[in-house]
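Structural features, examined
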Amino acid sequence: MLLLKYVLLAGGLGLVVAAAVMLLSDAHRILILSEPAVVRRQQAGRLAALGCILLFPALSIVVVASGMAGVRVSQLSGTLAGTLYAGTHLVMPLVHRVELFNVRDQLFTTIPAEAPKQSEPVLKVYSREGLPLGLGISVRYQLDPQRLPYVQSTLPQPIETEMMPPVVANAFRQTIAGYMVRDVFSTKREEVRRLAADSITTKLAPDGIVVKEVMLRDVTLPPEYAKGLEGLLLKAQENDRLTIEVEVKQKEVRTAELEAEAAKARQVKQAEGRAQITVLEAKAQADAMQHTLPLKEKQIQQSRLEAEARKEATVKNAEASALAKVIDSKAELERRNLMAQADEQRIRMLAGADAERMRSEAQVLKDNPLLIQKIIAERLSDKVQIMMVPMDGKFFFANDVLKTPALGGMSIPQPNQR
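Residues numbered from 1 in each chain as written. Predicted model: local features only at pLDDT ≥ 70, side-chain atom pairs only at ≥ 80, totals over all residues. Heavy atoms only, no water.

**Examining the overall build of the chain**
For clarity, the cut-off: Helix and strand definitions here come from DSSP, where helices need a minimum of 4 consecutive H or I residues and strands a minimum of 2 consecutive E residues; each element is numbered from the N-terminal end. Each residue's exposure class comes from its accessible area (1.4 Å probe, protein chains only) as a fraction of the maximum for that residue type: buried when under 20%, exposed when over 50%, partly exposed otherwise. Two residues qualify as a contact provided that any one of their heavy atoms is within 4.5 Å of a heavy atom in the partner residue. In this description, accessible areas are obtained by the Shrake-Rupley approach with a 1.4 Å probe, and a residue is regarded as covered only by the protein chains that are shown.
Secondary structure assignment for the chain yields 10 helices and 9 strands. Taking all 418 residues of the chain together, the buried fraction comes to 22%. At a minimum sequence separation of 6, the contacts of the chain that also span at least 24 residues come to 68%. A total of about 29,500 Å² of accessible surface is found on the chain, and carbon and sulfur atoms cover 60% of it.

Structure representation (structure tokens):
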């Protein structure tokens, strides 16, 4: 159909041009060359009419390319309802015109900072602290083909320069104004992107703009804050490294515990195996004992008889020993009694002799009191060289000795004082 349109346009324009050339040629011959001639008005009119007949179908044919959609705009009533999708369509020439829109996915992009060869707009927003942030945003959107008449008649054109920049900038400014710089840069970046995307989608959906994806590509921080944040990030990385090392240590400990449990399970299995072997051996021994039990009973009976014989012999031997000991003890007692009597007799005789001797000595001392001094002097002769004693015997230390009981329970009388 596009070829037909171009053929009709070429033919119609050719006929119109031919009619105009015919009229200009006749006018040139009459006015300039002063030749007698007749203006071929009828022929030129026929050619022009035929050219217009060919132009009207060509102008009524509209071809909408793939990825595009069109809206008919009437010179009399404005935008008409309905969307012209990709393909060939017929419209009223000179009354209707077709506005084409791109219905493919489109990208609206911003950059965080000005660049010499970048044509995209710069997006600056402010955080809760009042610090400026540069954002690199990419919004993938599509015009709703069914809402194209509304878009053409209501929204400012073109959409990518008149609608998208203020809506996207306002959504991110309102969202980031409630967050700290550090949150936007690190922990809550995805949350900020999601909230801004929801806001953009909500604002553009009623206008027939379908937002499919909002990407937060880049965040540019103030230079001073970036330096401080870099130090914090280094510390955070060190903390993460230590955390990973702790997790590795914990896994090593867990591995050791599992290995210990495995070793314990192996030991338990081995113990169970040994126990089963012991049980089997015990069963084998029990089976063997069933066969050897009669022999063991006979051996026990023989051992019992032998034990009774040894017991009887031991009892007889013990009785004989006891009787011999009784006889020995009686003989020993009798011997001791005889010896005691002999000792008693000897002691009595010695005591009598001692008593007799002491009586005789006491009688001698009684008859001769001076013998006491002589005896003492002899006893002390090796220690005393000269001893002077008064003649009357007063103050002599032996007087006190003489006052004491004499040997054998007798008292020695004091000498008569002169």
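That covers the picture; the talk isn't over yet.
**Observations concerning the pairing of strand β7 (residues 123–126)**
Consecutive residues of a regular strand have side chains that alternate between opposite faces of the sheet. What counts is decided by this rule: Two strands qualify as a pair provided DSSP detects at least 2 bridges between them.
Where burial is concerned, the two faces of β7 differ: the one with Leu123 and Val125 is buried and the one with Lys124 and Tyr126 is not. The sheet contact formed by β7 and strand β8 (residues 132–143) spans 4 bridges and is antiparallel. Paired with Val125 across the two strands is Leu133, which belongs to β8. Taken together, β7 and the strand that follows it, β8, pair antiparallel across an intervening segment of 5 residues, in which Gly130 is found at a positive phi of about 90°.

**Digging into the sheet that holds strand β2 (residues 68–74)**
One open sheet accounts for 3 strands, arranged β3-β2-β5; its pairing is antiparallel. In the strand order of this sheet, the two ends are held by β3 (78–79) and β5 (96–102), each with one partner. Bridging between β2 and β5 involves 7 bridges; their strand directions are antiparallel. Bridging across to β5, Ser74 finds its partner in His96.

**What about helix α2 (residues 41–60)?**
What counts here: A helix is expected to reach a length of 1.5 Å times the quantity of its residues less one. The reported arc concerns the directions from the helix axis to the C-beta atoms and nothing else.
The terminal C-alpha atoms of α2, which comprises 20 residues, lie 28 Å apart, in line with the 28 Å expected from a rise of 1.5 Å per residue. Those residues of α2 lying buried are Ala44, Gly51, Leu55, Ala58 and Ser60. Along the axis of α2, the buried residues cluster in a sector spanning 160°; they form a single face. In α2, the exposed positions angled more than 90 degrees off the buried face are occupied by Gln42, Arg46 and Ile53.

**Notes on the nonpolar core**
Short version of the rule: Only buried Ala, Val, Leu, Ile, Met, Phe, Trp, Tyr and Cys residues count toward a nonpolar core, and they belong to the same one when joined by side-chain atoms within 4.5 Å.
Grouped together as the largest cluster of nonpolar side chains are 39 residues, with contacts concentrated most on Leu135, Ile137, Met164, Phe172 and Ile200. Taken together, the elements giving at least two residues each to this core come down to β2, β7, β8, α3 (148–154), α5 (164–176), α6 (181–185), α7 (189–204) and β9 (209–220). Ranked by the residues each element gives to this core, the list is headed by α5, at 7 residues. Beyond its immediate sequence surroundings of up to four residues, Phe172 is in contact with Val125, Leu135, Ile137, Ala196, Ile200, Val214 and Leu216.

**Regarding unusual backbone geometry**
Residue Gln157 is joined to Pro158 through a cis peptide bond whose omega torsion reads 0°. Inspection of the secondary structure puts Pro158 in the loop between α3 and α4 (159–162).

**Brief notes about the environment of Phe101**
You can see Phe101 is positioned in strand β5. Between the C-alpha atom of Phe101 and that of Pro158, which follows or precedes it by 57 residues, the distance is 9.5 Å. When sequence neighbours within four positions are dropped, the list of residues in contact with Phe101 reads Gly67, Met68, Ala69, Val71, Leu143, Leu148, Val151, Gln152 and Gln157.

**Re the packing of aromatic side chains**
Just so we agree on the cut-off: Ring pairs are drawn from Phe, Tyr and Trp, using the six-membered ring of Trp, whenever the two centres fall within 6.5 Å, and their geometry is named by plane angle: stacked under 30 degrees, edge-to-face over 60, tilted for the rest. Geometrically, a lysine NZ or arginine CZ counts as sitting over a ring once it is within 6 Å of the ring centre and also within 35 degrees of the ring normal.
Taken as a whole and assessed by the stated rule, the structure comprises 0 aromatic pairs. Above the ring of Tyr150, the side-chain terminus of Arg147 is found at 4.9 Å from the ring centroid.

**Structural notes on the pairing of β2**
Of all 7 residues in β2, 5 are buried; the element is thus mostly enclosed. Both β2 and β3 contribute to a ladder of 2 bridges, which runs antiparallel. By the bridge assignment, Val73 is partnered in β3 with Thr79. In this antiparallel pair of consecutive strands, β2 and β3, the connection spans 3 residues.

**Some points on the pattern of salt bridges**
For the record, the criterion: The term salt bridge refers to a side-chain nitrogen of Lys or Arg lying within 4 Å of a carboxyl oxygen of Asp or Glu.
Applying the stated criterion to the full structure yields 12 salt bridges. The residue Lys212 makes a salt bridge to Asp105 at a minimum N-O spacing of 2.9 Å. Here the residue Lys212 occupies a position in strand β9, and Asp105 occupies one in the loop between β5 and β6 (106–109), the gap between them amounting to 107 residues. The exposure class assigned to Lys212 is partly exposed, which follows from its relative accessible area of 39%. The partner of Arg348 in a salt bridge is Glu344, with the nearest N and O atoms 2.7 Å apart. Highlighted residues: Arg348 and Glu344, both in helix α8 (residues 223–367), separated by 4 residues, approximately one helical turn. Salt bridges linked by common partners bring Asp105, Arg140, Lys212 and Glu213 together as one network.

**Some details on the packing of α5 against α7**
Short version of the rule: Orientation is described by axes fitted as lines to C-alpha atoms, over the contacting stretch for helices, and by angles from 0 to 180 degrees between their N-to-C directions. Throughout, the term roughly parallel applies to angles under 35 degrees, roughly antiparallel to angles over 145, roughly perpendicular to angles from 65 to 115, and oblique to all others. Two helices cross in a left-handed way if the nearer one is turned anticlockwise from the farther one by less than a right angle. They cross in a right-handed way if the turn is clockwise. Following the grouping adopted for this structure description, the nonpolar residues are Ala, Val, Leu, Ile, Met, Phe, Trp, Tyr, Cys and Pro, the charged ones are Asp, Glu, Lys and Arg, and the polar ones are all others, Gly among them.
At a closest axis distance of 9 Å, the pairing of α5 and α7 adopts a crossing angle of 140°. When the axis of α5 is compared with that of α7, the two are oblique. Judged by the twist between their axes, the crossing of α5 over α7 is right-handed. Listed contacts from α7 to Met164, Val167, Val168, Asn170, Ala171, Phe172, Gln174, Thr175 and Ile176 of α5 are Val192, Leu195, Ala196, Ser199, Ile200, Lys203 and Leu204. Here the contact of α5 with α7 is composed, by residue class, of 11 nonpolar, 4 polar and 1 charged.

**Some words on the side chain of Ser127**
Mapped onto the elements of the fold, Ser127 is located in the loop between β7 and β8. Ignoring anything within four residues of it in the chain, the contact list for Ser127 reads Leu133, Ile176, Ala177, Tyr179 and Val181.

**Describing the confidence of the model for the chain**
Regions with low pLDDT carry predicted coordinates that are not meant to be interpreted in detail. The condition that has to hold: pLDDT expresses, on a scale from 0 to 100, how confident the predictor is about each individual residue.
Chain-level pLDDT for the chain is 81 on average; 87% of the residues reach the 70-or-more range. In the model of the chain, helix α10 (residues 398–403) stands out as the element of lowest mean pLDDT, 53, in contrast to β6, which has the highest, 92.

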